[in-house]
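# Structural characterization, general
Below are the chains, spelled out letter by letter.
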Amino acid sequence: MQARRWLQRGLALAASVPLIAACEFSGPQSALDPAGPVAQAQKDLFLWTFWLSLPVMIGVFGALIYALWRFRAKDAKGAAEVPHQTHGNLRLELAWTIIPVILVVLVAVPTVRTIFATEQRVTPGPDDVVVHATGYQWWFKFEYTGLGFTTANELIIPVGQRVVMSLDSADVLHSFWVPNLAGKRDMIPNQDNQIWFVADRPGTYFGQCAELCLGAHAYMRFRVIAMERPDYDGWVAAFQGAADARPAAVDPLVERGKALAAQKGCVGCHVIEGFHPTVRVGNPDFPDLTNFGLRTTVGAAIADNTPENLAAWLRDPQSMKPGNTMPTLWTAADPNREDEIEAIAAYLLSLGRDPATTAQAIVGGAHGGQ
Ligand code: CUA
């Protein structure tokens, strides 16, 4: 009676495995929720291997559990007895040689086919979005080489168009990983690695550095925001326009923030296109803040880009992201700290939000598409 109940429980558990596996693990950072053909091919391969392995697991564990139960010693006499010994069984040995060979072939052929379909190096064509990505401790630089501008931590792409990325690192090993769009690819200093993918639908896809790179590795995040073509064109236009000197800001708070960005040394590190009509500011080895008002996040995608979060970041970057190289610009005793932070945050958030562009609407659309 007892044994029968256990058998029933075992069968119920085995039956629930396919149900669990059938759930859609959807989300903005899930390899099981593909948003493009590369991730789809990888998911299909994973599921094929999974369903092939499941009967093997059930068979092996089932046989093991059956043997443990069926041939257990039932009393002291049984425990002392040596069971009947056998040697060699041609049929069994043929079976456990041939079946694994068939299984390996069934896994290997689609694996090799998927590798060739998704991992092969491509030569970017005129219709591709070409981006050179560099990993830094602990953020990502994205250079749109064909379009002539640079941004950080947020990769904006058009839906349905191939994105071809060359991957590099400025310091240690990093790894570029957007699970919804494609598998991981390492970013290695002085090695020209490549990854390419297509997003089928608009949305915000979360990325993460997937190679332990010390310090703030866990906070080395990024986003890929896929937009419909007209929205993407508007975003590109906003960046290409940023290279020109803009008319001086009219908001006095923004004006003060811009002056402080120079006084406090922000533009000593950060590039801001259009900051000065003739002088280029900043150092390309720090996150480019051009059109920062269009970003959805601060601190390499660790917090939403709101005035409060930006102020918290400026006030004490180490408390938000321990280990990062951004200096703390004020002491707690500085009487002007909060005013100055407010002004700089207002200035940074105004960047790219030129009423002449549709940029602000683009950011709203990107949030909505998630
Ligand atoms: Cu970069 Cu982990």
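Just so we're clear, the structure is a prediction, and the values are computed from it rather than from any experiment.

What counts and what doesn't
- Residues numbered from 1 in each chain as written.
- Predicted model: local features only at pLDDT ≥ 70, side-chain atom pairs only at ≥ 80, totals over all residues.
- Heavy atoms only, no water.
- Domains from an automatic or database assignment.
- 1 Å grid on protein atoms, 1.4 Å probe; cavity = no way out; pocket = protein on both sides within 12 Å on 5 of 7 lines; lining within 4 Å.
- Points joined across faces, edges and corners; volume = space filled by probe spheres on them.
- Helix = DSSP H or I, 4+ residues; strand = E, 2+ residues; numbered from the N terminus.
- Nonpolar A, V, L, I, M, F, W, Y, C, P; charged D, E, K, R; others polar.
- Pairing = 2+ DSSP bridges.
- Axes fitted to C-alpha atoms, helices over the stretch in contact; angles between N-to-C directions.
- Parallel < 35°, antiparallel > 145°, perpendicular 65-115°, else oblique.
- Contact = heavy atoms within 4.5 Å.
- Salt bridge = Lys/Arg side-chain N within 4 Å of Asp/Glu carboxyl O.
- Expected span 1.5 Å × (residues − 1).
- Buried < 20%, exposed > 50% of the residue type's maximum accessible area, 1.4 Å probe, protein only.
- Arc of directions from axis to C-beta.
- Polar contact = N/O pair within 3.5 Å; in protein donor to acceptor, adjacent residues only side chain to side chain.

## Comments concerning the domain arrangement of the chain
One can read the domain layout of the chain as domain 1 (30-72 + 86-120), domain 2 (129-240) and domain 3 (244-363). Using only C-alpha atoms to locate each centre, domain 1 and domain 3 end up separated by 52 Å.

## Describing empty space enclosed by the protein
Summed over all chains, the structure comprises 2 cavities of 30 Å³ or more. Estimated volume of the largest cavity: approximately 50 Å³. Elements supplying a minimum of two residues to the lining of the largest cavity: strand S4 (154-158) and helix H5 (229-242). Of the residues belonging to the lining of the largest cavity, the class tally is 4 nonpolar, 3 polar and 2 charged.

## Here we look at the sheet that holds S4
Read across the sheet, 3 strands follow the order S4-S10-S9 without closing on themselves; strand pairing throughout is mixed. One side of each edge strand has no neighbouring strand; the edge strands of this open sheet are S4 and strand S9 (203-208). Across the sheet, the mean angle separating the axes of adjacent strands is 20 degrees when strand polarity is ignored. Here 6 bridges tie S9 to strand S10 (residues 221-227), and the two strands are oriented antiparallel to one another.

## Quick look at the packing of helix H6 (residues 252-263) against helix H10 (residues 337-350)
H10 packs onto H6 with a crossing angle of 100 degrees between their chain directions and a minimal axis gap of 7 Å. Between H6 and H10, the crossing angle belongs to the class labelled roughly perpendicular. Together, Leu253, Val254, Arg256, Gly257, Lys258, Leu260 and Ala261 of H6 and Asp339, Glu340, Glu342, Ala343, Ile344, Ala346, Tyr347 and Ser350 of H10 make up the contact between the two elements.

## Examining the environment of valine 236
Inspection of the secondary structure puts valine 236 in helix H5. The spacing of valine 236 and tyrosine 144 is 92 residues in sequence and 9.7 Å in space, taken between C-alpha atoms. Setting aside residues up to four positions removed in sequence, valine 236 forms contacts with Leu147 and Phe149.

## A few points about the pattern of salt bridges
The tally for this structure, following the rule as stated, stands at 11 salt bridges. The salt bridge partner of aspartate 233 is arginine 229, with a shortest N-O separation of 3.0 Å. Here the residue aspartate 233 and the residue arginine 229 both occupy positions in helix H5, the gap between them amounting to 4 residues, near one helical turn. Because the salt bridges share partners, they merge into one network encompassing Arg315, Arg337 and Glu338.

## Notes on H6
A rise of 1.5 Å per residue sets the reference length of H6, with its 12 residues, at 16 Å; its end C-alpha atoms lie 16 Å apart and thus fit the reference within 8%. Looking at H6, one finds that the buried residues are Val254, Gly257, Leu260 and Ala261. Angular distribution of buried residues about the axis of H6 spans 120 degrees; they occupy a single face of the element. Summarising the geometry of H6, the exposed residues directed more than 90 degrees from the buried face are Pro252 and Gln263. Buried residues along H6 sit against helix H7 (266-269) and H10. In this structure aspartate 251 caps H6, since a side-chain oxygen of it lies 3.0 Å from the backbone nitrogen of leucine 253. Glycine 265 lies just past H6 and shows a positive phi near 90 degrees.

## Concerning the pairing of strand S5 (residues 163-169)
Counting buried positions along S5 gives 5 out of 7 residues, so the element sits mostly inside the fold. Here strand S1 (residues 129-136) runs beside S5; their pairing, made up of 7 bridges, is parallel. The partner of alanine 133 across the bridge, within S5, is leucine 167. Both S5 and strand S8 (residues 193-197) contribute to a ladder of 5 bridges, which runs antiparallel. Within the sheet, the bridge partner assigned to valine 163 lies in S8 and is phenylalanine 197.

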